[in-house]
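Remarks on the overall topology
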Amino acid sequence: MAQSKPQNVFAPWDDPNEVPLIRFRNVTKRFGTFTAIDSLDLDIYRKEFFALLGPSGCGKTTLMRMLAGFETPSEGKITVDDVDVGPIPPNKRPVNMMFQSYALFPHLTVEDNIAFGLKRSKMSRDEITARVTEMLRLTRLEKFARRKPHQISGGQRQRVALARSLAKAPKLLLLDEPLGALDRKLREDTQFELMDIQEKTGTTFVIVTHDQEEAMTVASRVAVMDHGRIVQVDTPAGIYETPNSVYVADFIGDVNIIEGNASPAGEGRVSIHYAEGAQPIIAAADHIPDGQRVSFAIRPEKIVVGTEPDPDRTNQVRGRIVDIGYLGNVSTYHLELPGGQKFSAQMTNARRLARRDFTWDDEVWLSWTETAGVVLTE
Amino acid sequence: MNRRLSWFNVTTLSLGFAFLYLPMLILIIYSFNASKLVTVWAGFSTQWYVSLMGNQQFLDAAWVTLRVAFFSSTLATVLGTMAAYVLVRAGRFPGRTLFSGMIYAPLVMPDVITGLSLLLLFIAINLDRGIFTIVLAHTTFSMCYVSVVVSSRLMTFDRSLEEAALDLGCTPFDAFRSVTLPIITPAVISGWLLAFTLSLDDLVIASFTAGPSSTTLPIRIFSSVRLGVSPEINALSTIMISIVAVGVVSASLVSKRAIIRQRQEELAGVRA
Ligand SMILES: Nc1ncnc2c1ncn2[C@@H]1O[C@H](COP(=O)(O)OP(=O)(O)O)[C@@H](O)[C@H]1O
Ligand SMILES: [Mg+2]
């Protein structure tokens, strides 16, 4: 991930001088009495690969369709390059969309599908031919140029849809669940292809997905949505490591959540009392009022399971192994704490199976550092 | 799938088909009758076909009918397709229910009423009755059939194809012309064929709206039958039956196949 290399990081959102390409200002979209998008603010920067993530029905497609011009906001304003796009019809916007359904023209060949938008621009015939050839090469479809959509495979259709939306070199490309129908292998290949194309063309991509892994893989930033609102916008690492709410923590990856009451425990730390008689959890956190009800969220892989407590880690809790999920490279331990809370921990299997130290019903020690989890107030 | 038909099915089927096609079969057989008497068989002959070719009245009427059918079905197809597009696509607009009700009303309206009201209209606006008025009248009643056929196709048409066209820079009209129309063409053609055959065999509305110089074939046949059924009429009817049978059946087969093929292609273009 780009975040691990501090030199020339791509992070226009941290640069106060950078002007966003797209701005949503207090945008609300209602269908009748149903609010699909709820007073939403969002900035997307040039050359970003921006992912919208959220459960089905949370308003991702609606957001895209407003950008493309198929829906008009009930309230608020959307600007692209500082121009209010409200009054601009879809055919005049510098935006192209790759449809969730591909929407290839069944009566046209692959190359005519790709050339469709170009023929409606001021390009000359030769330029169009050149551009189509370039697109066919980029998406590796040269051999299928003369075929019709029903004569090619699902993965190839998806690439035609991509080539068609890229052909006009839009300022902004919208991809609505572009890889939803592909099997896993093809999907992963295509994700890397997409990132490659995005890098080569410098287009700004907004991708909708309900697959969190996909969002984490391709995106420069991820917005997590819920019921027409954006809950958090951050880099994939930021979303994963420092979720701002239980919703986000729970939505991305596996997480253990323990609820308790916070009390200050020295500079930048709180202790969380989660069960009668149990040692409170110590975690790094700022500005938590005394007695505040909080949720402590910690990822399974941040926990060390051992027969002895790990002296280097502040938090040490006893647990009983309920189940072990063996996944080859890692094992997931499902545990029960003395207070009855369920917990899961993940360890890489550095040793061979036969030499593992513990098994079902063993009493073990769970240890983690102060900074391994996050304290959430929502 | 080698299910055998039960005797019940066979009987029902034969009775049904006999009911439908026996009259026509008798008519066709008697058109080759050598006798002038309709009810007496006197040997095979094609003389009535020969004499039909010399009957200028029938030939004129046939020419009128063909022209009327061609122009009215073409006009009805244009108008009916436009109406269907608006009804299916425009979503809710004030008066939509009224509009769609008004388009489909002629489907159930008795021909006599349609014909009479058109006649009154033509008299009121002082329009001389002739081929033109029959074309107008046939357009009015057949466009709703076209509209039904085309709108049922449009309802299964994926809207995102049109949106994709808009997204790629088409104006709404351009999107219709270059994406929607080519895809729904088979349905439009079947609508046209339907309108054509409806116009071809209409008697009631045509007799209200025809002028003295524009007698259509059904009117001519009807009036001559009142003087007694001549074998010439049988011959003429046989020719019409063959035209309709060959033309419509093969065309509808072709267009049905085209619709199925296109539907498959469309499903391929639009991921489920
Ligand atoms: N044209 C529409 N009319 C009424 N409700 C709609 C319309 N489009 C979307 N919705 C509703 O808005 C919500 C968000 O839809 P959508 O943006 O498609 O969700 P997502 O793409 O995140 O699954 C859904 O509950 C959906 O039913
Ligand atoms: Mg969607």
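We now examine the environment of B:Gly211. Residue and element names in this part refer to chain B. By secondary structure assignment, the location of glycine 211 is in the loop between helix 9 (204-209) and helix 10 (217-225). Look at glycine 211 and you get buried, because its relative accessible area is 10%. Expressed as a C-alpha distance, the spacing of glycine 211 and phenylalanine 71, which sit 140 residues apart in the sequence, is 17 Å. Dropping the residues within four chain positions of it, glycine 211 is found in contact with Arg129 and Gly130.

Residue and element names in this part refer to chain A. Under the counting rule described, the total for this entry stands at 32 salt bridges over all chains. With its nearest N and O atoms 3.6 Å apart, the salt bridge here joins arginine 23 to aspartate 43. With arginine 23 in strand 1 (residues 22-31) and aspartate 43 in strand 2 (residues 34-44), this pair connects stretches of sequence that are 20 residues apart. Exposure remark for arginine 23: the relative accessible area of 26% places this residue in the partly exposed category. Residue arginine 320 is joined to glutamate 336 by a salt bridge in which the shortest nitrogen-to-oxygen separation is 3.7 Å. On the criterion of sequence distance, the pair formed by arginine 320 in strand 16 (residues 315-326) and glutamate 336 in strand 17 (residues 330-336) is long-range, its members being 16 residues apart. Residue arginine 320 is classed as partly exposed on the basis of its relative accessible area, which comes to 27%. According to the relative accessible area criterion, glutamate 336 is partly exposed, its value standing at 24%. One connected set of salt bridges, linked through shared partners, spans Arg23, Arg25, Asp41 and Asp43.

Time to look at the side chain of A:Gln232. All names here are of chain A. Among the secondary structure elements, glutamine 232 is positioned in strand 10 (residues 229-234). From its side chain, glutamine 232 meets the backbone oxygen of threonine 242 in a polar contact 3.1 Å long. In contact with glutamine 232, not counting residues within four places along its chain, are Val222, Ala223, Val224, Gly238, Ile239, Thr242, Pro243, Asn244 and Val248.

Moving on, we come to the domain arrangement of chain A. Residue and element names in this part refer to chain A. Splitting chain A by domain gives domain 1 (12-247) and domain 2 (254-376). A C-alpha centroid distance of 39 Å is found between domain 1 and domain 2. Residue-level contacts link 8 residues of domain 1 with 7 residues of domain 2. If you sort the residues of domain 1 by the area they bury against domain 2, Tyr240, Pro243 and Val246 come out on top, with a joint share of 73%. Connecting domain 1 to domain 2 are 1 salt bridge. Put simply, lysine 302 and glutamate 241 hold a salt bridge, and the shortest N to O gap is 3.3 Å.

Residues A:Ile22, A:Phe24, A:Leu63, A:Phe105, A:Leu174 and A:Val206 are the most contacted members of the largest nonpolar core, which totals 56 residues. Considering every element that reaches this core, the biggest residue donor is helix 8 (residues 172-200) of chain B, with 6 residues. Discounting residues that sit within four places of it in the chain, A:Leu63 has contacts with A:Phe24, A:Ile37, A:Leu40, A:Leu42, A:Leu52 and A:Met225. Ranked by size, the runner-up nonpolar core spans 42 residues in total, among them A:Val110, A:Ile207, A:Val218 and A:Ala219.

Right, let's get into the sheet that holds strand 5 (residues 83-84) of chain A. Working definition: the strands of a sheet are paired by backbone hydrogen bonds and lie parallel or antiparallel to each other. Residue and element names in this part refer to chain A. Reading across from one edge, 2-1-4-5 is the order of the 4 strands in this open sheet, with antiparallel pairing throughout. Unpaired on one side and paired on the other, strand 2 and strand 5 mark the two borders of the sheet. As paired strands, strand 4 (residues 75-80) and strand 5 are joined by 2 bridges and run antiparallel to one another. Bridge assignment links threonine 79 to a residue of strand 5, and that residue is aspartate 84. Sitting on the sheet, helix 1 (residues 60-68) touches strand 1, strand 2 and strand 4, and the angle it makes with strand 1 is about 115°.

So, how was this worked out
- Residues numbered from 1 in each chain as written.
- Chains lettered and ligands numbered in written order.
- Predicted model: local features only at pLDDT ≥ 70, side-chain atom pairs only at ≥ 80, totals over all residues.
- Heavy atoms only, no water.
- Helix = DSSP H or I, 4+ residues; strand = E, 2+ residues; numbered from the N terminus.
- Buried < 20%, exposed > 50% of the residue type's maximum accessible area, 1.4 Å probe, protein only.
- Contact = heavy atoms within 4.5 Å.
- Salt bridge = Lys/Arg side-chain N within 4 Å of Asp/Glu carboxyl O.
- Polar contact = N/O pair within 3.5 Å; in protein donor to acceptor, adjacent residues only side chain to side chain.
- Domains from an automatic or database assignment.
- Buried area = accessible area lost by both parts, 1.4 Å probe.
- Core = buried A, V, L, I, M, F, W, Y, C linked by side-chain atoms within 4.5 Å.
- Pairing = 2+ DSSP bridges.
- Axes fitted to C-alpha atoms, helices over the stretch in contact; angles between N-to-C directions.

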